Amino acid sequence: MNLFTKKFERIKNMQSFTLKKDFAYGSVSFFLLALFIAGGIWLQMSMFPRIPFQPVIYLAVLILVAGILIAALPLWASIIQLSVILWLVILGVLGNALYPLGVLGTIGLFISASVQLVLHWDKVVVLRMGRFKRVHGPGLLFLFPLVDRIAEFVDTRIRATDFSAEKTLTRDTVPVHVDALAFWMIWDAKHAVLEVENYIEAVILSAQTALRDAIGKHELSSLLSEREELGREIQQALDAKTNPWGVTILSIEITDIIIPKELEDALSKQAQAQREKQSRIILAAAEVEIAKQFEEAALKYADNPTALQLRAMNMVYEGIRRNNSMMLMPASILDNMNLGTVLGSAALQKLQSESPELVSSGQTGTEVEEDR
């Protein structure tokens, strides 16, 4: 017994028990059943007007309960069994006089289960005597009792399914956890039902296999930077596998890539070092550019000592003004700046700008002042 249990434990995707259905018993079916019950009561009272009304009500309720049980177990076998039980109750308990309501009630159980309502986005695969008959689109569908059965209602809308690959090694042997999202739809309901047992699970498992295979072909750097390319590669491989099943893969999107914490810290340090290296390169290039500008300025100052002295004075002034503090300088710096000559040249330039006709006549600044 232990060996038998362990053998099935190795199977990761054991199929769980699912109730098979021959049809869908919904609101339309209950409405038709109610019409048959009402018709049976009218026929019963017309044929046997003197019969008590209470047994008729009991039988009608019994037929309605049978419809509820059929909705829970939508199988032709369930209808047959409930019909047999219904007639045993009529013949053994309620009396033979209730056969009109019993007949219409039994017919109503079969007819109500035969009429199916297919929604706009669904397609129904119909089997007749166990063989494929047709694919029916949206609208009302009539099944031949006991002969036809619905294999499955297939939703043809676009579906979104998430899947993942845990602890998968990349090409450079880095374990990663990748989460992805698949958008897919069924374009051929016949192949989706007849070619594969469970197309939803088949798509998910195939997507996981394709994702693991794609991760093993790429390095970590390409996984982090080329997500769209990885998604297209998985989509093409997966679509080639699922297309014979009537399923098409529209797109694959990589939602998250998780790497080990130690590797994440190492990559962070590497990125920080790379940014520091880039900043130093930019700073060095700026130094070279500044040196070139200083060289050009030196050539201009070489032919104009006055401009150089003015620049020196401006640097001293800017240093005092910006720092808002006192600056100590040696006394010899004033001699090197030659303030008298510089200020005289500045005054002469200002005088030329104010009275150019006086300067052109040869008068000095003192003579101009005496004339005034």
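Scroll up to find the structure.
Rules behind the numbers
- Residues numbered from 1 in each chain as written.
- Predicted model: local features only at pLDDT ≥ 70, side-chain atom pairs only at ≥ 80, totals over all residues.
- Heavy atoms only, no water.
- Pairing = 2+ DSSP bridges.
- Helix = DSSP H or I, 4+ residues; strand = E, 2+ residues; numbered from the N terminus.
- Axes fitted to C-alpha atoms, helices over the stretch in contact; angles between N-to-C directions.
- Expected span 1.5 Å × (residues − 1).
- Buried < 20%, exposed > 50% of the residue type's maximum accessible area, 1.4 Å probe, protein only.
- Arc of directions from axis to C-beta.
- Contact = heavy atoms within 4.5 Å.
- Salt bridge = Lys/Arg side-chain N within 4 Å of Asp/Glu carboxyl O.
- Phe/Tyr/Trp six-rings, centres within 6.5 Å; stacked < 30°, edge-to-face > 60°.
- Lys NZ or Arg CZ within 6 Å of the ring centre and 35° of its normal.
- Parallel < 35°, antiparallel > 145°, perpendicular 65-115°, else oblique.
- Left-handed = near helix turned anticlockwise from the far one by under 90°.
- Nonpolar A, V, L, I, M, F, W, Y, C, P; charged D, E, K, R; others polar.

Looking now at the sheet that holds strand 3 (residues 131–136). Pairing between the strands of a sheet is mediated by backbone hydrogen bonds and can be parallel or antiparallel. Strand order in this open sheet of three strands is 3-2-5, and the pairing throughout is antiparallel. Sheet topology places strand 3 and strand 5 (148–155) at the edges, where each strand pairs with a single neighbour. The average undirected angle you get between the axes of adjacent strands in this sheet is 25°. Strand direction decides the pairing type here: strand 2 (residues 122–128) and strand 3, joined by five bridges, are antiparallel. Residue pairing for strand 3: V124 is matched across the bridge by H136.

Once that is clear, we can look at helix 9 (residues 227–242). Across its 16 residues, helix 9 extends 22 Å between first and last C-alpha, which sits within 8% of the 22 Å expected from 1.5 Å per residue. Inspection of helix 9 places L230, G231, I234, Q235, L238 and T242 among the buried residues, and these make up the whole buried set. Angularly, the buried residues of helix 9 cover 135° about the axis, an arc narrow enough to put them on a single face. The exposed set on the far side of helix 9, more than 90 degrees from its buried face, consists of Q236 and A240. Summarising the contacts, the buried residues of helix 9 are in contact with helix 7 (199–217), helix 8 (220–225) and strand 8 (247–258).

Another point: the pattern of salt bridges. Scanning the model with the defined rule gives five salt bridges in all. Here R149 and D22 are joined by a salt bridge, their closest N and O atoms 2.8 Å apart. With R149 in strand 5 and D22 in the loop between helix 1 (2–9) and helix 2 (27–47), the pair connects residues that are 127 residues apart, well separated along the chain. The class of R149 is partly exposed, set by a relative accessible area of 25%. In this structure, the salt-bridge partner of D155 is R157, at a minimum N-O distance of 2.8 Å. Owing to a relative accessible area of 43%, R157 belongs among the partly exposed residues under this scheme.

As a further point, take the packing of aromatic side chains. Evaluation of the coordinates by the stated rule reveals four aromatic pairs. Their ring planes at 55° and their centres at 4.8 Å tell us that F23 and W76 sit as a pair that is tilted. Of this pair, F23 sits in the loop between helix 1 and helix 2 while W76 sits in helix 4 (residues 76–94), and the two are 53 residues apart along the sequence. Under the relative-accessibility criterion, F23 is labelled buried at 1%. Taking the relative accessible area as the measure of exposure, W76 reaches 5% and is therefore buried. With a centroid separation of 5.1 Å and 85° between ring planes, the pair formed by Y25 and F30 is classed as edge-to-face. Residue class for F30 comes out partly exposed when judged on its relative accessible area of 29%. Just above the ring of W121 sits the side chain of R157; from NZ or CZ to the centre is 4.3 Å.

As a further point, take the packing of helix 2 against helix 3 (residues 53–72). In the contact formed by helix 2 and helix 3, the axes pass within 11 Å of each other and the chain directions differ by 160°. One finds that helix 2 runs roughly antiparallel with respect to helix 3. The handedness of the crossing between helix 2 and helix 3 is right-handed. Contact residues: F30, L33, I37, I41, Q44 and M45 in helix 2; F53, V56, A60, I63, L64, G67, I68 and A71 in helix 3. Here the contact of helix 2 with helix 3 is built from residues that sort into twelve nonpolar, two polar and no charged.

Distances and angles like these do not, on their own, reveal function.
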